[in-house]
Each structure stands twice: as C-alpha cells, then as structure tokens.
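Coordinate inspection notes
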Amino acid sequence: MQNPQSSEIGTSNITSTQPSQMVTSMIAAVAIAHLLNDLIQAVLPAIYPMLKTDFQLSFTQIGLISLVYQVTASLLQPWIGFYTDKHPKPYLLPMGMGVTLIGIAGLAFANSFSMLLLASALIGIGSSTFHPEASRVARMASGGKFGTAQSAFQVGGNSGSAIGPLLAAAIIIPNGQAATAWFMLFALLAIWVLYQVSKWTIQRKKHATTNSIVNTAQVKLQGKTLYRALGLIAILMLAKFTYIVSLSNYYTFYLMEKFDLSLKMAQYYLFGFLAAVALGTFVGGPIGDKIGRKAVIIISFLGMAPFALILPYANLTWTLILSVISGLVMSSAFSAMVVYAQEAVPGRVGMIAGLMFGLMFGISGIAAAALGYLADHQGIEWVFILCSFLPLLGIGSLFLPNTKK
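Every value quoted in this text rests on a predicted model; they were computed, and no experiment measured them.

What counts and what doesn't
Residues numbered from 1 in each chain as written. Predicted model: local features only at pLDDT ≥ 70, side-chain atom pairs only at ≥ 80, totals over all residues. Heavy atoms only, no water. Helix = DSSP H or I, 4+ residues; strand = E, 2+ residues; numbered from the N terminus. Buried < 20%, exposed > 50% of the residue type's maximum accessible area, 1.4 Å probe, protein only. Contact = heavy atoms within 4.5 Å. Areas by Shrake-Rupley, 256 points an atom, 1.4 Å probe, with all protein chains shown as cover. Polar contact = N/O pair within 3.5 Å; in protein donor to acceptor, adjacent residues only side chain to side chain. Phe/Tyr/Trp six-rings, centres within 6.5 Å; stacked < 30°, edge-to-face > 60°. Lys NZ or Arg CZ within 6 Å of the ring centre and 35° of its normal. Core = buried A, V, L, I, M, F, W, Y, C linked by side-chain atoms within 4.5 Å. pLDDT = per-residue confidence, 0-100. Patch = residues over 30% accessible without salt bridge, like charges linked within 9 Å, V, L, I, M, F, W, Y side chains within 5 Å. Salt bridge = Lys/Arg side-chain N within 4 Å of Asp/Glu carboxyl O. Axes fitted to C-alpha atoms, helices over the stretch in contact; angles between N-to-C directions. Parallel < 35°, antiparallel > 145°, perpendicular 65-115°, else oblique. Nonpolar A, V, L, I, M, F, W, Y, C, P; charged D, E, K, R; others polar. Left-handed = near helix turned anticlockwise from the far one by under 90°. Expected span 1.5 Å × (residues − 1).

1. Some words on the overall build of the protein
Helix and strand content of the protein: 15 helices and four strands. Evaluated residue by residue, the protein yields a buried proportion of 54% over its 405 residues. Taking the contacts inside the protein whose residues are at least 6 apart along the sequence as the reference set, 86% of them involve residues at least 24 apart. Summing over all exposed atoms, the protein offers an accessible surface of approximately 16200 Å²; the carbon and sulfur share of this is 68%.

2. A word on the side chain of H34
Its place among the elements puts H34 in helix α1 (residues 24-46). Taking relative accessible area as the criterion, H34 reaches 0% and is therefore assigned buried. At 3.2 Å, the side chain of H34 and the side chain of H131 are in polar contact. The residues contacting H34, other than those within four sequence positions of it, are F130, H131, F153, Q154, G156 and G157.

3. Observations concerning the packing of aromatic side chains
The tally for this structure, following the rule as stated, stands at eight aromatic pairs. Directly above the aromatic system of F59 lies the positively charged group of K52, at a separation of 4.9 Å from the ring centroid. Here K240 stacks its cationic end above the ring of F241, 5.1 Å away from the centre of that ring.

4. A few points about the nonpolar core
Core analysis: the largest hydrophobic core is formed by 106 residues, its most contacted members being M237, Y243, Y251 and M337. Residue contributions to this core peak at 17 residues, all from helix α8 (residues 223-259). Ignoring anything within four residues of it in the chain, the contact list for M237 reads T242, F334, M337, M356, L359, M360 and I363.

5. A word on the confidence of the model for the protein
Of the residues in the protein, 89% reach a pLDDT of 70 or more, and the chain-wide mean stands at 81. Low pLDDT (under 50) marks residues 1-19, which in the prediction has 54 contacts with non-local residues, meaning those over four places away or in another chain. Here residues 209-217 scores under 50 on pLDDT; set against residues more than four positions off or in separate chains, the count is 24 contacts.

6. Some thoughts on a nonpolar patch on the surface
Together, L279, F282, V283, I287, I291, I299 and L328 line one region of the surface with nonpolar side chains, adding up to about 600 Å² of accessible area. When residues of the nonpolar patch are assigned to their parent elements, the largest contribution, five residues, is made by helix α9 (residues 263-291). Tracing the chain through its elements places F282 in helix α9. For F282, a relative accessible area of 44% gives the class partly exposed.

7. Notes on the packing of helix α6 (residues 146-175) against α9
Remark: α6 packs on α9, axes separated minimally by 7 Å, with the N-to-C direction vectors making an angle of 170°. Here α6 lies roughly antiparallel to α9, going by the angle between them. Taken together, the residues that form the contact of α6 with α9 break down as 17 nonpolar, 11 polar and one charged.

8. Side note on the side chain of S151
With respect to the secondary-structure elements, S151 resides in helix α6. By relative accessible area, which is 0% here, S151 ends up buried. Sequence-distant contacts of S151, that is, excluding residues within four places in its chain, are made with T281, F282, G284, G285, P286 and S335.

9. Comments concerning unusual backbone geometry
The general pattern is negative phi for most residues beyond glycine and trans for most peptide bonds. Its identity is not glycine, yet Q56 carries a phi of approximately 55°, on the positive side. Position of Q56 relative to the elements: it lies in the loop between α2 (48-54) and α3 (59-86). Among the residues examined, Q56 registers a relative accessible area of 73% and is labelled exposed. Positive phi is not limited to glycine here, since D260 has a value of about 60°. On the secondary structure map, D260 appears in the loop between α8 and α9.

10. Digging into the packing of helix α5 (residues 113-140) against α6
Here α5 crosses α6 at 140°, and the two axes come no closer than 9 Å. Overall, the two elements α5 and α6 adopt an arrangement that is oblique. When you trace α5 past α6, the crossing you get is right-handed. Listed contacts from α6 to F130, H131, A134, S135, A138 and R139 of α5 are F146, A149, Q150 and F153.

11. Points about α9
With 29 residues, α9 should cover 42 Å at 1.5 Å per step; its first-to-last C-alpha distance of 41 Å lies within 8% of that length. G292, located one to two residues past α9, shows a positive phi value of around 105°.

Below, the structure is given as structure tokens:
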C-alpha cells in the first residue's frame, strides 16, 4: 500500500557521484581556489572608502557598485549549475577565473564611475562560474561527508574574504588604486589551481560511473513540503546575508563614525569579524554531519540573536567582541543550508549550489544598495540598529522539515 504521505515526502533512491573515500587533495585544491577567488572579491569593499574619496562617490553609489557585482554574480549561477548538471564543462572553472582577471585589471585602471561598474560586473561574472562548479567538485570528492567537504570549501572563501581587506590595507591603501593590479597575480595562481582541478574531474569521470553510491538514509522532499523548506531557507538566507553585508560592507564606516577610528585600524576590526566568519563556517559542516543540518541552522540563528541585538549599543571593545561572536555563530549556518537544500533536491547538485550561492550574492547586492541608501538618509548607526533585529527571523528554522530518516 502506498504511504499516504508519499505525495510530499519519499525516500530518495537517487544515486550520488561521490567516491568511497574523501579525496582531501581535491577538497584542499577547491578550498585554495575559493580562498583566492574571494580574496580578490574582498578587495572591492575593502577599498570603498578610498574609491569614495577619489571619485567623490555617495553611499548610494557605493551601494550600486556592490549591487552590480552581486547581481552579475548571482543571476548566472543557478543557470550555470542547471546546465552543467546535464552537460558537464570542467574547464569552465579556469575560464571563469580568466574573466575575473580581466575585471581586476579594469578595477586597477578605471578612471570613471562607469568603469568601476564594468570592472565590478566582470568580477561578478567570473564568480558566477566559479561557485556552482567548485562546489560540485567538493561534493564529488567528499566521500559522503558532504557537510565537512562543503565547510572546507566554504572556509577557503571566508578565509580569502578575511585576508583580502588586510592585503588591501597593506598594498592598495598606501599606494593608490593602480596597486590593485598586484591582485592579478592571485587570479593567475587560481587559474593554474583550477586547471589542475579540471583535469582531475575529467580523470575521475573516466574511472567512475555517475551512480557510484546509493544514499539510503536520505529523504527527498516533494510537493508542498519541498516548497515550504526552500521558502524557509530563502527567508533565512535573506536574514543571514543582509546582516553579514551590514558588517562586511559598512562596518569600517560605522567604526570610523561612531568611535573615530582610522581607516587602517577599522580594517583590522573588519578582519577580526571576517576571520570569525571563516572559523564558524569551518565548524558548521562537520557538526551538521553529526547532529543534522536543521539543528545547526536553528542554533546558528537563534543562538546569535541576543549578541546582535546588543551590538549597536556596545562600546568599542564590546563591539569587537560581539561582532566576532555574531560572525562565528551565524556563519556556521551556510554550509548546513547548502547541504540541506541538496539533500532536499537530490540529483541537482550544481543547480542547488548555484541557486544558493546566487541567492547569497543577489541578497547581498540588493541589501548593500538598500543599506547604502538608508545610511545616506538615516545614518550608519541607525542602519546597524535596524539590522540587529534580522537574526530573529531565524524562528522560521524551527519549521524546516527533516531531510534524514
């Protein structure tokens, strides 16, 4: 007799593409490439104060630069993942990084606001080809430890995001916009690493069938249950990345205005926050493999809400402490959310990865522009008070359906 709930939830017999053991060398390779990719991306927000002065930009124009980058990085990702799920293109990884290389060159020598927008768009296009494909490789090499592999991949990106502002402060801020060209070396290194990854992917497909392991413990969500799960994940992504953007894009401005810090000192505070984000991301995946994705998502949102609410009213020391705690706790959710969605829709690894990373960039871009507009009209401190309530949307995580038996 058919299970009465089969219209909504069924046990997945979809096979996966994972080898029997984790291939740590490939996970390390895509993590390093992610570090280099996101290090380059982090240059852009890190030099916003310099660009604002040199080009006499408003906060709204700063937000538009972020919007152009984030939108180009987000719109293509799900489509690239959807297409390459059916038609693999392993050499798309180094090719996409080549576009990023051109974007960095454009950023270094831009002489107008429109040129800054074009360079930002090129960097975004390069990013849109990188994330779904590199995430797929991490899953292929995971040996079934999906959360751990996704966290290792993601922590590479977050580490790059943390290192980027430090390098920008050391290289670009003292020497001017043209010094951005030095970051082309990181893009060239990433192209070489991704070329090696592409060769491994081709060799792996020669020696392994597409259907190598059957995941008998996975539950496939269907119908209304699937829509509810993906809808709640989208709301949680909105809360998480709007809050993260408020700190990663405007934290330096906030510290400079409220506490009269220098730009260089504010960059060090930003590094502390971004380093905490990297550490939290690394911890979230392995914990999710042990206790479940849903539990990690719930803890990461509701656990950090009190710290976020206190942060706008703290002194300088506690601002640093609370921002580090917020970054550490909330960032643990992303790897869990990616794997949760991939478990909910098995067989669509690239599309789901592209959709999740696309949502991340799209939400971040729109939020950056909106928060920049609000900062111009209401003040940067008002923006931080508003964003402190966002983690409370994590209440929705309590209603996520289970994707494991």
